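Structure assessment
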Amino acid sequence: MEEDESIVLLSSLLHDIGKFLQRAYGLKKRHYEYSSEFIDMYIPKGLFGNNVIEKVKEIVREHHSNRSDPLLDIVREADHISASEREYANLESESELESIKLSVYRKLATPFSQKSYYPLTVLSTDYKRFIDGINSEENLTSAIYYNHLTNFLGNVEVFKDIPYRGRYARAYYIESLLHLMKAWLFTIPSAPYYERVPTISLYEHLRTSMAIAHSLYINRKKGSEGFVFVLIDIGGIQRFIYNIHPQKALKALRGRSFYVALLTEAIAKYLIHNLGLLECNIITLGGGHSLLLLPSSLLDKLEELIDRVRVYIFNRFGVRINLYIGMFKTNVIAPFGDIYNALHYNINEAKSRPLNYLLSKGIGYYSKIFEPEEIASNICHICNYSTNNKEDDEGIVKCNICKELEDIAKPLADAKYIVEIIGSNVRNLDIKGIVSGIYPIIFDELDICYMLVSNNDYLDRIVNLEILKDAYIRIYRLNSTDISSIKRPYTVGFKFIANVVPMSNDNEIMTLDDVIKHARGANILGVLKMDVDNLGKFFSNSTTLSEYSTKSTIIDLFFNGFLNNIANRTGIYIIYAGGDDLFVIGPWNEIVELAHHIFKEFNRFTLGSSVNTLSAGIVLCDEHTPAYIFADEAKSALDLSKKNGKNRVTIFNRSIIWDTFAECLQIYRELADAIDEDKLSRGTIFNMLSSLRESIINSEPRSIKRYRLVYTITNIKKHNKEAVELINKIEDKINAYIEWLDISLRLGEFATRR
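How each quantity is defined
Residues numbered from 1 in each chain as written. Predicted model: local features only at pLDDT ≥ 70, side-chain atom pairs only at ≥ 80, totals over all residues. Heavy atoms only, no water. Pairing = 2+ DSSP bridges. Helix = DSSP H or I, 4+ residues; strand = E, 2+ residues; numbered from the N terminus. Axes fitted to C-alpha atoms, helices over the stretch in contact; angles between N-to-C directions. Phe/Tyr/Trp six-rings, centres within 6.5 Å; stacked < 30°, edge-to-face > 60°. Buried < 20%, exposed > 50% of the residue type's maximum accessible area, 1.4 Å probe, protein only. Lys NZ or Arg CZ within 6 Å of the ring centre and 35° of its normal. Parallel < 35°, antiparallel > 145°, perpendicular 65-115°, else oblique. Contact = heavy atoms within 4.5 Å. Salt bridge = Lys/Arg side-chain N within 4 Å of Asp/Glu carboxyl O. Polar contact = N/O pair within 3.5 Å; in protein donor to acceptor, adjacent residues only side chain to side chain. Expected span 1.5 Å × (residues − 1). pLDDT = per-residue confidence, 0-100. Left-handed = near helix turned anticlockwise from the far one by under 90°. Nonpolar A, V, L, I, M, F, W, Y, C, P; charged D, E, K, R; others polar. Core = buried A, V, L, I, M, F, W, Y, C linked by side-chain atoms within 4.5 Å.

The 5 strands lie next to each other as S8-S9-S7-S10-S11, forming an open sheet whose pairing is mixed. Edge strands, defined here as strands with exactly one partner in the open sheet, are strand S8 (439-443) and strand S11 (491-495). Pairs of neighbouring strands in the sheet enclose a mean axial angle of 20°, with direction left out of account. Here strand S10 (residues 472-478) runs beside S11; their pairing, made up of 5 bridges, is parallel. Its bridge partner lying in S11, Arg474 is registered against Thr491.

Below, the structure written as structure tokens:
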């Protein structure tokens, strides 16, 4: 990394770090003075050299001045672009700083409510601490900031002493520091004394400033200007993940889902690595999508790289998976909502002509797409695609892709780290023959390998391999932001991955048969699909890139981070969660309870937002139902919830608002518990169901339906004296929710089936 490039990256990343220190140490100095002191004390001079450190300190001190300097101008412009919603002011005296004392200590406001604020905390998967900490208290004290800063600086000290080496040494340090700042600075507002509502994270402002500055630096070197936003979208995910046979379906589903997520990341990393950029230029990543910010001067090389990726995807997957690319070139980044809308318009255009690019490559691809395939000797028992592979020892035929993906689930469940390795040597890497207990996932034509690693010993054995000495290595801690303890001279960071898996007593992933044995009553599988309503509008209302990235991180925190604890229930298996949606299977009774629990916690997370609500679809089926069928039915149920007004759940083909669903669950529980305790007979449920069905068949009005039900309930009480107290207790609730009572009764019938 060149000296000037190091200067631009460090200066843009740390120009406002002093705002954190200012709130901890008091308002005796300007924030850029504190930033300069931080750089002097904590950035390793041995790695960057005194000249670089002194220049970075100078730029940081001067980034609000009018002085002109090529590198200073880049950092100043990046800062302004990232935070273009603000009015800048030069606060020249201590008295002026004191005059804004109250607003300096304001907390980060939620994007869902202008009067609620996030707690000052390190990021984690502990949703209760985070959500319970959201309140209307606008300000913190200097002492609270001081404690938070002390912990942050203790972690920074660790990275200062790590012996980085090689051509990527500076990049490793900068990316590691970026991850550490995400963990500790995300819930700090960027400019509480400028913004009417401080909704921009300090971390996101600094990260996007660095991405913009790096792009400006490359453009200036090449005599160009402008930016290119690239939206990557993987199509055919549903078909690829769920079009499998029930045989070993649980492991196969999770493996394929995770593989698609890694494929999206591998494409993004392939592009930025070969363009000479860092992780900060990946603005968002997840849900089969990725958004990149790139300098326009690299557009020709970018298009060449994208061509290679398209060919790789087709050669690897045929038409099972499609790659869609939306690009937007611009000289200005605000209002970002306009860019967001343009990118999604371009992606939709690409989806309307999915094979255009390949067909334009000539007759060779035309024949591969449209002409009949050469007849293979077998059909894969997992995905039903043709293959020349033979039966394995269990009598199962698997194509090459299914063989590669079937074993991911268990190593992923055990993984403590994911190691990302980029370099041409990964094609020759036979990790299975080198280290046992490590699972490699190799995207050979992209020169990227991911390894699922369960402990520190295996971690050392990987990164010390001679074959990898020239590779770019990133080590990600899974579901923990304690990254300073890794102490390895590479990029070290963290990832939140929703990774709830049902394990048996012998530490193996449960089969579907095992899962449904945990169901209450009937051996029925539950399938849940959920997503956030109106998320496109939520994102498109973003004024700046930093506002958009703050919102994106918040949504991702819930679905990839908090869901680990929210969904930690018996037999629950998260097949997929990311972006704004999730797909979960498990025992039917756990699934219906989980659906409402997720809604309840998301509702608390969004402070009861009437715009960003949750819709869900629930399907109950037996374990022999093929995955593609229950996935399609769950999607249809979710679509019905959306069609019927959103912010509701569809079960048994009935769309119901969440509050009413909660009451239905309560009625079912009380009835089922009473039957299990022999206070009621199962005939009670069947008699009430029969009464309701007759009314439905005859299209009778509510009054007649209620009359039939009262008659039935009176008979029950007459013939079962022990049931009188219970029936009296819930009779009002039954009458109030009579239109939805069949849901409670059907669930009660499942729960009491023997």
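Once you've had a look at it, read on.
Here we take up the packing of aromatic side chains. Evaluation of the coordinates by the stated rule reveals 44 aromatic pairs. Taken together, a centroid distance of 5.7 Å and an interplanar angle of 40° make the contact between Phe20 and Phe152 tilted. Here the residue Phe20 occupies a position in helix H2 (residues 18-25), and Phe152 occupies one in helix H10 (residues 142-160), the gap between them amounting to 132 residues. Comparing Phe20 with Phe152, the two get one shared label, buried. Here the aromatic rings of Phe602 and Phe605 are separated by 6.2 Å at their centres, their planes lie at 40°, and the arrangement is tilted. Here the residue Phe602 and the residue Phe605 both occupy positions in helix H26 (residues 588-605), the gap between them amounting to 3 residues, near one helical turn. Across the pair, Phe605 and Phe602 agree in class, each one buried. Looking at Arg256, its charged tip hangs above the ring of Phe240, at a distance of 4.6 Å from the centre.

What follows is about the packing of helix H30 (residues 702-719) against helix H31 (residues 724-736). Close contact between H30 and H31 brings their axes to 11 Å; oriented N to C, the two are set at 175°. The angle between the axes of H30 and H31 places the two elements in the roughly antiparallel class. Taking contact as the criterion, the partners of Arg702, Arg706, Leu709, Val710, Ile713 and Lys717 in H30 are, on H31, Val724, Ile727, Asn728, Glu731, Ile734, Asn735 and Ala736.

Right, let's get into the pattern of salt bridges. Evaluated as defined, the whole model comprises 43 salt bridges. Between Arg30 and Glu33 there is a salt bridge whose closest N-O contact spans 3.6 Å. Judged by its relative accessible area of 29%, Glu33 falls in the partly exposed class. Taken together, the shared-partner salt bridges in this structure form one network comprising Glu175, Glu265, Lys269, Glu279, Glu420, Arg474 and Lys495.

Let us look at the sheet that holds strand S15 (residues 614-621). Ordered in space as S13-S14-S12-S15-S16-S17, the 6 strands form an open sheet in which the pairing is mixed. Either end of the sheet is taken by a strand with one partner, and the two such strands are strand S13 (573-578) and strand S17 (654-657). On average, each strand axis in the sheet is inclined to that of its neighbour by 15°, with strand direction left out of account. Here strand S16 (residues 648-651) pairs with S17 via 4 bridges, running antiparallel. Bridge pairing links Val649 to Ile656 in S17. Against the sheet, helix H25 (residues 545-566) engages strand S12 (525-532), S13, strand S14 (581-587) and S15, with an angle of about 155° to S13. Contacts between helix H28 (residues 658-676) and the sheet are confined to S12, S15, S16 and S17, with S17 contributing the most and set at about 100° to the helix.

Within S10, 7 of the 7 residues are buried, which leaves it mostly tucked inside the rest of the structure. Going residue by residue along S10, you find Tyr472, Arg474, Tyr476 and Leu478 tucked away on one face and Ile473, Ile475 and Arg477 tucked away on the opposite face as well. Examined bridge by bridge, strand S7 (residues 417-422) and S10 share 6 bridges and lie antiparallel to one another. Paired with Ile418 across the bridge in S10 is Tyr476.

This part takes up the side chain of Thr752. Among the secondary structure elements, Thr752 is positioned in the segment after helix H32 (741-751). Here Thr752 falls in the buried class, since its relative accessible area comes to 0%. At a separation of 2.9 Å, a polar atom in the side chain of Thr752 contacts the side chain of Arg682.

What follows deals with helix H16 (residues 336-352). End to end, H16 covers 25 Å across 17 residues, agreeing with the expected 24 Å (1.5 Å per residue, within 8%). Listed as buried for H16 are Phe336, Gly337, Ile339, Tyr340, Ala342, Leu343 and Ile347. Against the buried residues of H16 lie strand S1 (227-235), strand S3 (289-295), strand S4 (322-330), helix H24 (535-540) and H25.

Looking at the chain as a whole, the pLDDT averages 88, with 93% of positions reaching at least 70. Overall, residues 85-97 carries pLDDT values under 50, and its contacts beyond four positions in sequence, including any with other chains, amount to 30 contacts.

Okay, the packing of H28 against H31 next. Packing of H28 against H31 leaves a shortest axis separation of 11 Å and a crossing angle of 160°. As judged from the angle between their axes, H28 and H31 are roughly antiparallel. The handedness of the crossing between H28 and H31 comes out as left-handed. On H31, the residues that touch Glu663, Gln666, Ile667, Glu670, Leu671 and Ala674 of H28 are Leu726, Lys729, Ile730, Lys733 and Ile734. Its residues placed into classes, the contact of H28 with H31 shows 6 nonpolar, 1 polar and 4 charged.

The subject of this paragraph is the environment of Leu741. Topologically, Leu741 is positioned in helix H32. A relative accessible area of 0% places Leu741 in the buried class. Taking C-alpha positions, Leu741 is 9.6 Å from Glu663, a pair spaced 78 residues apart along the chain. With residues up to four places along the chain from it excluded, the contact list for Leu741 reads Ile667, Leu692, Leu709 and Ile734.

Before going further, it helps to examine the nonpolar core. Counting residues in hydrophobic clusters, the biggest one holds 250 residues, and the most contacted among them are Phe38, Phe152 and Leu185. In terms of nonpolar packing, the next biggest core, distinct from the first, is built from 20 residues, Ala674, Ile675, Ile727 and Leu745 among them.

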